[in-house]
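Observations on the three-dimensional arrangement
Take a look at the letters that make up each chain.
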Amino acid sequence: MVSECSSPGCRGVVAGVWEAGTVESTRTVVVAPPSPEPTDMSGDHKKVIKGSPSQYVKLNVGGSLHYTTIGTLTKHDNMLRAMFSGRMEVLTDSEGWILIDRCGKHFGTILNFLRDESVPLPESQKEIQELCAEGHYYCMSDLVEVCELALKSKTKEAEKDPVCRVPLITSQGEEQMLINSTSRPVVKLLVNRHNNKYSYTSTSDDNLLKNIELFYRLSLRFCRRVLFIKDVIGSNEICLWTFYGHGKKLAEVCCTSIVYATDRKHTKVEFPEARIYEETLNVLLYENRTAPDQELMQATSTRGAVAPVACTSDDEDDRRGGGSSGSGVYGNFHTKKSKNNQTK
């Protein structure tokens, strides 16, 4: 008696039948199909590349395709020479492209360096660093040396012409956080010219711009030694310099005053350049000090803040030659009052 296998994978049936008295037994053996041979689905395989210097090869470097000769690749003693002189196997795809698992962004520059032994370097410091890393990977010591010299040169240029970043504060809490978190002295300029509820004199805008220009000149000169902060949303002050040492306010230089004319009141913006320079040099005394110096703080802060100068005369009209008429009870007299308030 024969029993057949109904499985789709069954390729043969072996049956055995015997009798033992009145009992008939049947045994069926199913033979499984042979396993398929493993296949390489990618089509990539390794081989040794060796040929004449004039032979061209196709390179796929991280998706960037290049076409060059074996002579160019083996011109100098580096990893590429080892790859294409038959000393090591390389990986190729089904179309014959030699695969190199690196970013191909700078590989064209590397080929030009192999051809000419010199090459124009990228402009940005970041790209030079990337090219230097590729030179390290391919063991191209000459290219690495050129990149490192260029990076040193750019570093020196940056030190001569530093990039200055001035925080623009948006709240008093942010201002206190910046002042308390730095070990450097601090210079802050408050500029609030956009507040148009005041009537300004004719020279105020020019003087305001001079204050801002001086602030940025000082910040470029001392950016590595002093923290410069700009405030455009502060109090009702229009132009105010504040100087800090060890997180404490040392001095203020207020650059605004009130000018009273015959029938109007003006706000005048001053430009006390010498006083600003003096206070900036004073805060430099607090540089590189690990702890507060009480004597130093007393010496640099007891002079107090410079308050606005109130002019009780027709100041602007007099300067233009028109003060003799309409001066009222003030006539042509110029009375200036100054008040020194001790800083907190």
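Conventions and cut-offs
Residues numbered from 1 in each chain as written. Predicted model: local features only at pLDDT ≥ 70, side-chain atom pairs only at ≥ 80, totals over all residues. Heavy atoms only, no water. UniProt positions renumbered as here; feature names shortened; annotations may be inferred. pLDDT = per-residue confidence, 0-100. Helix = DSSP H or I, 4+ residues; strand = E, 2+ residues; numbered from the N terminus. Contact = heavy atoms within 4.5 Å. Phe/Tyr/Trp six-rings, centres within 6.5 Å; stacked < 30°, edge-to-face > 60°. Buried < 20%, exposed > 50% of the residue type's maximum accessible area, 1.4 Å probe, protein only. Arc of directions from axis to C-beta. Core = buried A, V, L, I, M, F, W, Y, C linked by side-chain atoms within 4.5 Å. Pairing = 2+ DSSP bridges. Axes fitted to C-alpha atoms, helices over the stretch in contact; angles between N-to-C directions.

As recorded by an unreviewed UniProt entry, the protein chain carries the name BTB domain-containing protein and is attributed to Meganyctiphanes norvegica. In its Pathway (unreviewed entry) section, the UniProt record describing the protein chain reads: "Protein modification; protein ubiquitination."

**Observations concerning the confidence of the model for the protein chain**
Considering every residue of the protein chain, the mean pLDDT works out to 76; 68% of them sit at 70 or more. Across the protein chain, the secondary-structure element scoring lowest on mean pLDDT is strand β17 (residues 336-337), at 34, and the one scoring highest is strand β4 (residues 56-61), at 95. Note that pLDDT drops below 50 for residues 1-5; the model gives that stretch 11 contacts with residues more than four away or on any other chain.

**Side note on the packing of aromatic side chains**
Per the counting criterion, the structure on display carries 7 aromatic pairs. Residues Tyr-56 and Tyr-67 carry aromatic rings whose centres are separated by 5.0 Å and whose planes lie at 25° to one another, so their mutual orientation is stacked. Placement of Tyr-56 in strand β4 and of Tyr-67 in strand β5 (residues 64-69) is noted, with a sequence separation of 11 residues between them. Of the residues examined, Tyr-56 reaches a relative accessible area of 48% and is grouped as partly exposed. Take Tyr-67: its relative accessible area is 54%, and that puts it in the exposed class.

**A short note on helix α6 (residues 172-181)**
Among the residues of α6, Glu-175, Leu-178 and Ile-179 are the ones counted as buried. Down the axis of α6, the buried side of the element spans an arc of 95°, and every buried residue falls inside it. Within α6, the exposed residues directed more than 90 degrees away from the buried face are Gly-173, Met-177, Asn-180 and Ser-181. Along its buried surface, α6 packs onto β8 (168-169), β9 (186-191), β10 (227-231) and β11 (239-245).

**Comments concerning the nonpolar core**
Inside soluble globular proteins, nonpolar side chains tend to come together where they are buried. One finds Val-57, Leu-59, Leu-80, Phe-84, Ile-110 and Tyr-138 to be the most contacted residues of the largest nonpolar core, which totals 28 residues. What Leu-59 contacts, discounting residues up to four positions off in sequence, is Ser-64, Leu-65, His-66, Thr-68, Leu-73, Phe-84, Trp-97, Ile-98 and Phe-107. In this structure, Tyr-200, Leu-208, Phe-222 and Trp-241 belong to the second largest nonpolar core, which totals 25 residues.

**Digging into the sheet that holds strand β3 (residues 45-48)**
Across the sheet, 5 strands lie side by side as β3-β6-β7-β4-β5; this open sheet has mixed pairing. At either margin of the open sheet sits one strand with a lone partner, and together these are β3 and β5. Pairwise comparison of adjacent strand axes, ignoring direction, gives a mean angle of 45° for this sheet. In this fold helix α3 (residues 107-116) packs onto β4 and β5, with an angle of close to 15° to the strand it touches most, β5.

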